[in-house]
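What follows is the residue order along each chain.
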Amino acid sequence: MYETTIQTARLLAETVIREAGQICKGKFDHFAELRTKDEFGDVVTEVDLMAEEVIIKRIREAFPEHQIHSEEAGIIGVENDWLWMIDPLDGTNNFAIGLPVFSSSITLIHKREPVLGIIYEPLTDRLFVSVRGEGAFCNGVQIKVKPIANLSRGNIGWIQGHGVQNDLAAVALRQHIDTSFKRMLRLWAPTLLWCMLAKGNLDGIVLYNSEGDDLYSGLLMVKEAGGVVVDFDGNPFTGMKNEPYIIACHPDHKEQLLEVVRAGLGNHR
């Protein structure tokens with residue numbers, strides 16, 4: 001039953017995320033409504049809602065007993081072993097200012113562990129798929145996290161939650177990372193950073209208290225691509241956490257990246 005569910009879910013998610021992505025692509029630079037949805041300045045457009053509606057409708061038809069948690073709609077259904085997490089437009093702030101850096105994300109969670117992650121970047125037509133225990137793929141080609149000869153010359157992604165803002169520890173760590181590596185990337189589209197790391201185009205990620213519907217598809221993608229995902233104490237990151245603090249990279253670079261994070265936090269730990 002488990003394997004059948006995963007197989008059916010994968011086929012459904014791959015299809016519906018493309019449909020949602022095409023909605024986002026078609027509305028890029030042509031959306032009509034923009035509103036601020038929280039005190040931290042996060043925004044939502046009608047495109048978020050349109051793409052979300054398509055995804056939720058199809059999932060509820062195929063898996064009426066599963067619970068859904070979506071970026072805009074919230075929680076749908078009763079709690080059980082299966083949970084879908086949906087971010088119909090990851091990178092809405094980019095989308096809203098005409099920056100073509102956004103994606104759609106669908107994750108299937110089983111007993112609080114991600115088992116299926118689908119991320120679609122419509123402007124490049126890149127479909128990222130990961131299934132627990134089966135690897136990670138981009139448009140059908142397997143992808144792997146890659147080591148770099150000198151990590152200090154590498155590119156590191158930074159992800160922080162909307163509520164973090166200018167938290168003193170976050171600011172100190174962010175500045176330290178920015179000066180410790182060739183480049184620090186803040187894309188405001190976390191799923192794309194995870195995909196870049198899984199694909200070998202990024203050398204690490206530091207995530208500071210950012211839990212949401214876009215997180216677990218990316219985590220699974222990196223793990224299935226051979227990456228290591230640990231908390232700031234170096235312990236393997238598993239399950240679901242309300243306030244995650246994470247580093248991710250090739251296994252060869254775990255200790256060095258942890259050292260940089262610890263040094264950046266300094267007295268804030």
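Residues numbered from 1 in each chain as written. Predicted model: local features only at pLDDT ≥ 70, side-chain atom pairs only at ≥ 80, totals over all residues. Heavy atoms only, no water.

### Describing the sheet that holds strand β6 (residues 103-110)
Remark on secondary structure: sheet strands pair via backbone hydrogen bonds, oriented parallel or antiparallel.
Okay, so step 1: Read across the sheet, 8 strands follow the order β4-β3-β5-β6-β7-β8-β9-β10 without closing on themselves; strand pairing throughout is mixed. Across the chains shown, the open sheet's two edge strands, defined by having one partner strand only, are β4 (74-76) and β10 (141-142).
Okay, so step 2: In this structure, strand β7 (residues 113-121) lies alongside strand β8 (residues 126-131), joined through 6 bridges in antiparallel fashion. Among the inter-strand pairings, I119 is bridged to a residue of β8, identified as F128.
Okay, so step 3: Running over the sheet, helix α1 (residues 2-27) touches β5 (82-90), β6, β7 and β8 and is turned about 25° from β7. (Pairing = 2+ DSSP bridges. Helix = DSSP H or I, 4+ residues; strand = E, 2+ residues; numbered from the N terminus. Contact = heavy atoms within 4.5 Å. Axes fitted to C-alpha atoms, helices over the stretch in contact; angles between N-to-C directions.)

### Re the UniProt feature "binding site: Mg(2+) 2" (unreviewed entry) in the protein
Okay, so step 1: Per the UniProt entry, the sites bearing "binding site: Mg(2+) 2" (unreviewed entry) are D90 in this numbering.
Okay, so step 2: Relative to the helices and strands, D90 resides in strand β5. (UniProt positions renumbered as here; feature names shortened; annotations may be inferred.)

### What about the state of the cysteines?
Two cysteines, two sulfur atoms, one covalent bond between them: this is a disulfide.
Okay, so step 1: Evaluation of the coordinates by the stated rule reveals 0 disulfides.
Okay, so step 2: The structure places no disulfide on C249, whose sulfur is separated from the nearest cysteine sulfur, that of C195, by 17 Å. (Disulfide = S-S within 2.5 Å.)

### So, helix α6 (residues 215-224)
Okay, so step 1: Counting buried residues in α6 gives 9 out of 10 residues, a clear majority hidden from the surface.
Okay, so step 2: By the burial criterion, the buried members of α6 are L215, Y216, S217, G218, L219, L220, M221, V222 and E224.
Okay, so step 3: One or two positions beyond α6, positive phi appears at G226, with a value near 95°. (Buried < 20%, exposed > 50% of the residue type's maximum accessible area, 1.4 Å probe, protein only.)

### A look at the UniProt feature "binding site: Mg(2+) 1" (unreviewed entry) in the protein
Okay, so step 1: As recorded in UniProt, the sites labelled "binding site: Mg(2+) 1" (unreviewed entry) are E71, D87, L89 and D214. Despite a sequence span of 144 residues, these residues sit close together in the fold, their greatest C-alpha distance being 9.3 Å.
Okay, so step 2: Within the secondary structure, E71 is located in the loop between β3 (67-70) and β4.
Okay, so step 3: When its relative accessible area of 27% is taken as the criterion, E71 is described as partly exposed.
Okay, so step 4: Along the chain, L89 falls in strand β5.
Okay, so step 5: In contact with L89, other than residues within four places in its own chain, are C24, T45, V47, D48, F95, F102 and S103.

### What to know about helix α7 (residues 254-265)
Okay, so step 1: Compared with an ideal rise of 1.5 Å per residue, which puts 12 residues at 16 Å, α7 spans 17 Å between its outermost C-alpha atoms and is within 8% of the ideal.
Okay, so step 2: When we look at burial in α7, the residues that qualify are L257, L258, V260, V261, G264 and L265. What you see down the axis of α7 is that its buried residues fit within an arc of 160°, all on one side. In α7, the exposed residues that point more than 90 degrees away from the buried face are E259 and A263.
Okay, so step 3: Of the surrounding elements, those touching the buried residues of α7 are β11 (155-160), α4 (168-180), β13 (204-208), β14 (228-231) and β15 (245-249).
Okay, so step 4: At the C-terminal side of α7, G266 shows a positive phi close to 50°. (Expected span 1.5 Å × (residues − 1). Arc of directions from axis to C-beta.)

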